[in-house]
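Here's the letter readout for the chains.
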Amino acid sequence: MAANKIIFVSQEISPYLTNTLNGAWGKSLPQSIQSRKYEVRVFMPDYGDINERRNQLHEVIRLSGINISIGDTDHPLVVKVASMQPSRIQVYFIDNDDYFQKSAEDVDPFGSNRADNDERIIFFARGTMETARKLRWEPEVMQVSGWVSTLVPLYLKRLFADGPAFVNTKLVYTILPEEPIEALDRAFFKKLAEEGVAAEDIAPFEAEEELSVKTLHRMAIKYADAVVFQTPEVDEELKTYCDAMGKQTLHFTGEGDFADQYNELYHSLMGK
């Protein structure tokens, strides 16, 4: 029987960035799931802090080259690849000089303080989905984590759902313990509309009094099939929103084998 296919879209993976708990989880989960008879691919941004020579990144010409228009500017998509060791899982890095090069003002490797974070997450979501579609890989599950990945559920369910690559794909969104990003500008929603997102899909979030990382979490939750709280405590506001949306949820507290718990969740979504 053919192995199930799963794409991980991650904000942070060790050893490509500094070794944090989130980065260690970003590496360990794909490797553990692969050992459970899955075929696995991974996507993450090519942050300026990543040492491309040491980690042996190289550009994939056949996947690069498209322009992603945000506002009045075209931004070329560059896709690079490396092999995660020792599992040899392929990791695809989404890159663009305007959005993922190191800035002197960055307070962390992710640039969580940048004023253009709205455009950065739009570019990453579009670049990830365009690249995954070009791979013609048809994953049963997409596992998404981190604020930089929060638009991927919306793009999967609204802008890419009609294509054969994702028609049966289930999506799991994991909320990680992380520092909040700078507040978003309301021009964010105009840019999403220019991307082709329907007004009714934007309106509930545009109406929020303050646009914060919780707005991004709610956008991801709405279009996910299941939500995991990978945090010491469940955020009650977000849990209430999950319940209102009728989402299947999992709270990983650190007890037991997290890969077993994720594997059970994936199988329940796939009906296996």
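Refer to the structure printed above.
Here's what I pulled together on the structure shown here. (Residues numbered from 1 in each chain as written. Predicted model: local features only at pLDDT ≥ 70, side-chain atom pairs only at ≥ 80, totals over all residues. Heavy atoms only, no water.)

Glancing now at the overall build of the chain. Counting its regular elements, the chain contains eight helices and eleven strands. Against the compact-globule benchmark of 19 Å for 272 residues, the chain has a radius of gyration of 17 Å, which places it among compact chains. Principal axes of the C-alpha set define a box for the chain whose edges measure 45 × 45 × 35 Å. With 272 residues in all, the chain has 54% of them scored as buried. Accessible area of the chain: about 12200 Å², with a carbon and sulfur share of 47%. Positive and negative side-chain charges in the chain, numbering 29 and 43 respectively, have mean positions lying 8 Å apart. (Helix = DSSP H or I, 4+ residues; strand = E, 2+ residues; numbered from the N terminus. Rg over C-alpha atoms; globule rule 2.2 N^0.38 Å. Buried < 20%, exposed > 50% of the residue type's maximum accessible area, 1.4 Å probe, protein only. Areas by Shrake-Rupley, 256 points an atom, 1.4 Å probe, with all protein chains shown as cover. Lys, Arg positive; Asp, Glu negative; His and termini not counted. Charge placed at Lys NZ, Arg CZ, Asp CG, Glu CD.)

Within a pair of aromatic rings, the relevant descriptors are the distance that separates the centres and the angle that separates the planes. Inspection of the entire model under this criterion finds eleven aromatic pairs. With a centroid separation of 6.0 Å and an interplanar angle of 50 degrees, the aromatic rings of W25 and Y262 are classed as tilted. Note that W25 is positioned in helix α1 (residues 21-34) and Y262 in helix α8 (residues 258-270), a separation of 237 residues in sequence. For the pair formed by W25 and Y262, the shared burial category is buried. Taken together, a centroid distance of 5.5 Å and an interplanar angle of 75 degrees make the contact between Y47 and F110 edge-to-face. Note that Y47 is positioned in the loop between β2 (38-45) and β3 (58-59) and F110 in the loop between β7 (89-95) and α2 (117-135), a separation of 63 residues in sequence. On the basis of relative accessibility, which here comes to 13%, the residue F110 falls in the buried class. One aromatic cluster in this structure is built from Y47, Y99, F100, F110 and F123. (Phe/Tyr/Trp six-rings, centres within 6.5 Å; stacked < 30°, edge-to-face > 60°.)

With that settled, the discussion passes to the sheet that holds β3. If you trace the nine strands from one edge of the open sheet to the other, you get β3-β6-β7-β2-β1-β8-β9-β10-β11, paired in mixed fashion. At either end of the open sheet lies a strand with only one pairing partner, and these are β3 and β11 (248-251). Strand direction decides the pairing type here: strand β8 (residues 141-145) and strand β9 (residues 170-175), joined by five bridges, are parallel. From the neighbouring strand, V141 faces β9, where its bridge partner is K170. Packed on one face of the sheet, helix α6 (residues 213-223) meets β9 and β10 (226-229) and runs near 155 degrees to β9. (Pairing = 2+ DSSP bridges. Contact = heavy atoms within 4.5 Å. Axes fitted to C-alpha atoms, helices over the stretch in contact; angles between N-to-C directions.)

Moving on to the packing of α2 against helix α4 (residues 187-195). Two packed helices can be described by the angle between their axes and the distance between those axes. Packing of α2 against α4 brings their axes to within 10 Å, and their N-to-C directions diverge by 25 degrees. Considering their axes alone, α2 and α4 lie roughly parallel with respect to each other. α2 and α4 meet at a crossing whose hand is right-handed. Packed against α2, whose contacting residues are D118, E119, I121, I122 and R126, the element α4 presents F188, K191, L192 and E195 at the interface. When grouped by side-chain class, the residues that make up the contact of α2 with α4 number four nonpolar, no polar and five charged. (Parallel < 35°, antiparallel > 145°, perpendicular 65-115°, else oblique. Left-handed = near helix turned anticlockwise from the far one by under 90°. Nonpolar A, V, L, I, M, F, W, Y, C, P; charged D, E, K, R; others polar.)

What follows concerns α2. With 19 residues, α2 extends 27 Å from end C-alpha to end C-alpha; this agrees with the ideal 27 Å at 1.5 Å per step. Across the 19 residues of α2, 17 count as buried, placing the element largely inside the fold. Once α2 ends, the next one or two residues include R136, with phi positive near 55 degrees. (Expected span 1.5 Å × (residues − 1).)

Bringing the nonpolar core into the picture now. Buried together is how nonpolar side chains tend to be arranged in soluble globular proteins. Ranked by size, the top nonpolar core spans 94 residues in total, and within it L151, F188, L192 and Y266 carry the most contacts. Discounting residues that sit within four places of it in the chain, L192 has contacts with I122, L151, Y155, V197, I202 and M219. (Core = buried A, V, L, I, M, F, W, Y, C linked by side-chain atoms within 4.5 Å.)

Within the structure shown, the criterion is met by 19 salt bridges. A salt bridge links D49 to K102; the nearest nitrogen and oxygen atoms lie 3.4 Å apart. Residue D49 is located in the loop between β2 and β3, and its partner K102 is located in the loop between β7 and α2; the two are separated by 53 residues in the primary sequence. Take K102: its relative accessible area is 46%, and that puts it in the partly exposed class. Its salt-bridge partner being E130, residue R126 comes within 3.2 Å of it at the nearest N-O pair. Of this pair, R126 and E130 both sit in helix α2, four residues apart, which is roughly one turn of the helix. Given a relative accessible area of 15%, R126 falls into the buried group. (Salt bridge = Lys/Arg side-chain N within 4 Å of Asp/Glu carboxyl O.)

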